[in-house]
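Remarks on the overall topology
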Amino acid sequence: MDDLLTLLSFGDAGWGDEIATGVFITVTLAIATIPFGLVLGFLLALAKRSEDQSLRLAANIYTTIFRGLPELLTLFLVYYGVQIGLQQLTQMLGFDAYIEVNSFAAGMIALAMVFSSYASEAFLSAFQGIPQGQYEGGYALGLSKRQTMGLVIAPQLLRLSLPALSNLWLILLKDTALVSVIGLADLVRQAGMAARITKEPFLFFGIAFLIYLVLAIISSIGLSRIDAYAKRGEASR
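The following refers to the structure shown. As the structure is a prediction and not an experimental result, all values here were calculated from the model.

Okay, the environment of Phe204 next. Mapped onto the elements, Phe204 comes out in helix 9 (residues 201-235). In the structure, Phe204 is positioned 68 residues away from Glu136 in sequence and 57 Å away in space, judged by C-alpha atoms.

Written out as structure tokens, the structure reads:
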């Protein structure tokens, strides 16, 4: 028991600091990805509803690609692709310097691309659940299309898509583990380092398992309360 407490302690003797840092990076990455994923997913849903055929085609191609590719492959393509692109750009500008893409930024971009492709379907389904009369009512009040979307449609859209987006958040939280392969010191990478050095893989990967489970439970409770609050707000109208 003393050895276990020593391994999990904070400071030079234990791995508590590293595990805590990994948890912080994991949660931060997931939270940082959400705004980009939601905005891009919403724009993709609008594009799929557009009267412009080329815009609809582009949005459908995008979502088909990133829903079909494994998340790990998407991460590799973004991490190494952006790096190669920047390298070639600097050479064209006459600079000969090695550029390494930040693994946190690459992970956030890749996860946002995948998240947005699924979120667009959630928003699209929510759009289909809003009666046409809601749009017509907004126009009848003298609201423009943009005002109708922002004041009338968007609040209903978020409420209707919340259950699907909640599931996507839990998937995103788990997918952050993929960034460990490109060097980001997330929870999985820190647990792996501790396991290799201490020769205690079951202990540290078991701790990572429990932490992910706790994060998922906390997220589920929080999302359930948000959903209940949104439903109460709708029922009180």
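From this point on, the discussion continues.
What follows deals with the layout of surface pockets. Taken as a whole, the largest pocket spans an internal volume of roughly 340 Å³. Lining the largest pocket we find Leu46, Arg49, Ser50, Glu51, Gln132, Tyr135, Tyr139, Lys145, Thr148 and Met149. When residues of the lining of the largest pocket are traced back to their parent elements, those giving at least two are helix 6 (132-140) and helix 7 (145-175). For the lining of the largest pocket, the per-class residue count stands at 4 nonpolar, 3 polar and 3 charged. As for the second largest pocket, its lining consists of Ile34, Leu38, Phe115, Leu158, Arg159, Leu162, Leu165, Ser166, Trp169, Leu223, Ile226 and Ala230. Looking at the lining of the second largest pocket, the elements with two or more residues in it are helix 2 (16-48), helix 7 and helix 9. Sorting elements by how many residues they give to the lining of the second largest pocket places helix 7 first, with 6 residues. Of the residues contributing to the lining of the second largest pocket, the split by class is 10 nonpolar, 1 polar and 1 charged.

Next up on the list: the pattern of salt bridges. Evaluated as defined, the whole model comprises 2 salt bridges. For Arg67, the salt bridge identified is with Glu121, shortest N-O distance 3.6 Å. Separated by 54 residues along the polypeptide, Arg67 in helix 3 (residues 53-68) and Glu121 in helix 5 (residues 103-128) bring together distant segments of the chain. It is possible to trace a salt-bridge network through shared partners that takes in Lys48, Arg67 and Glu121.

Calculation criteria
Residues numbered from 1 in each chain as written. Predicted model: local features only at pLDDT ≥ 70, side-chain atom pairs only at ≥ 80, totals over all residues. Heavy atoms only, no water. Helix = DSSP H or I, 4+ residues; strand = E, 2+ residues; numbered from the N terminus. 1 Å grid on protein atoms, 1.4 Å probe; cavity = no way out; pocket = protein on both sides within 12 Å on 5 of 7 lines; lining within 4 Å. Points joined across faces, edges and corners; volume = space filled by probe spheres on them. Nonpolar A, V, L, I, M, F, W, Y, C, P; charged D, E, K, R; others polar. Salt bridge = Lys/Arg side-chain N within 4 Å of Asp/Glu carboxyl O.

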